[in-house]
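An overview of the molecular structure
If you want the building blocks of each chain, they are given just below.
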Amino acid sequence: MTSPDAAGKRGKRSTLLAIVVGTALAILAWSQVWFSFEVSLGAQTFAGEVRGDVAAPAVMALALAALAVLAALALAGVVFRYVLGGLLTLVGAVLVLQSFVAVGNPAPAIAPEVTAASGLAGQQTIADAVAAGAVSVTFWPWLAVVAGAVLAFAGVLAIVTARRWPTSGRRFSTTSLEATDEMPDNGQPSGDVRADAPAGSDQRVEQWDALSHGDDPTDAGGSRASS
């Protein structure tokens, strides 16, 4: 039977690993070609490719947000684990939606490259040219969908297992206890310090007495003679 500590460690490790995998897949998809197109303008045909950084620039921002959540989750307490898990789930869902929107309506996604290749301008003009032409979708937008699903899963996993994650404050509390072991239960300093304190106090009293009698307390011979 798995102990609660082992289950908590496994949940934390799985969550952080899923974030790393989802983020890596998102960045990889963002850097690749998402669409290739051919549009005709009169007798001329223009072709080009559209990378993910043009078709869906928000993918990189979402991946960086997931990395920030990863760093925060590694140190967060129980309450913040729930908050960060919900935020990570939202990041994954937005990434999936962003990719689906780009694939479902590629005209706005490829518009900058169509303009650069053919000189066409205007949203409706480009949309008509794209509709009359040919647009093919590569594998990489679907990888971005997978990345978003992995990040959303990691967020849900963080919420489900957050309470069982191991804490990181035990080492610091142990250090504090070791420091307080030098102090006895009554709150007084150690025995060596208490033994030295009365000796120093008696010496100062004797010096004041010598001064009141007109003797020099630094003159050991004069002090003995007056006493």
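Below is a short write-up of the structure.

Quick notes on the rules
- Residues numbered from 1 in each chain as written.
- Predicted model: local features only at pLDDT ≥ 70, side-chain atom pairs only at ≥ 80, totals over all residues.
- Heavy atoms only, no water.
- Axes fitted to C-alpha atoms, helices over the stretch in contact; angles between N-to-C directions.
- Helix = DSSP H or I, 4+ residues; strand = E, 2+ residues; numbered from the N terminus.
- Parallel < 35°, antiparallel > 145°, perpendicular 65-115°, else oblique.
- Left-handed = near helix turned anticlockwise from the far one by under 90°.
- Nonpolar A, V, L, I, M, F, W, Y, C, P; charged D, E, K, R; others polar.
- Pairing = 2+ DSSP bridges.
- Contact = heavy atoms within 4.5 Å.

1. Observations regarding the packing of helix α4 (residues 78-104) against helix α7 (residues 140-161)
The geometry of α4 relative to α7 is characterised by a closest axis approach of 7 Å and an angle of 165 degrees between their N-to-C directions. The orientation of α4 with respect to α7, classified from their angle, is roughly antiparallel. Handedness of the crossing formed by α4 with α7: left-handed. The class makeup of the residues in the contact of α4 with α7 is 20 nonpolar, seven polar and no charged.

2. Quick notes on the sheet that holds strand β2 (residues 44-51)
The strand order β2-β1-β3 describes an open sheet built from three strands, whose pairing is antiparallel. Of all strands in the sheet, those bounded by a partner on one side alone are β2 and β3 (134-137). On average, adjacent strands in this sheet sit at an angle of 10 degrees to one another, irrespective of strand direction. Strand direction decides the pairing type here: strand β1 (residues 33-41) and β3, joined by four bridges, are antiparallel. Counterpart to S36 in the pairing with β3 is S136.

3. Quick look at the packing of helix α5 (residues 106-118) against helix α6 (residues 123-132)
Axis separation between α5 and α6 bottoms out at 10 Å; the angle between their running directions is 95 degrees. In terms of their interaxial angle, α5 and α6 are classed as roughly perpendicular. Along the contact surface, α5 presents A107, I110, A111, V114 and T115, while α6 presents I126, A127 and V130. Tallied by class, the residues present in the contact of α5 with α6 amount to seven nonpolar, one polar and no charged.

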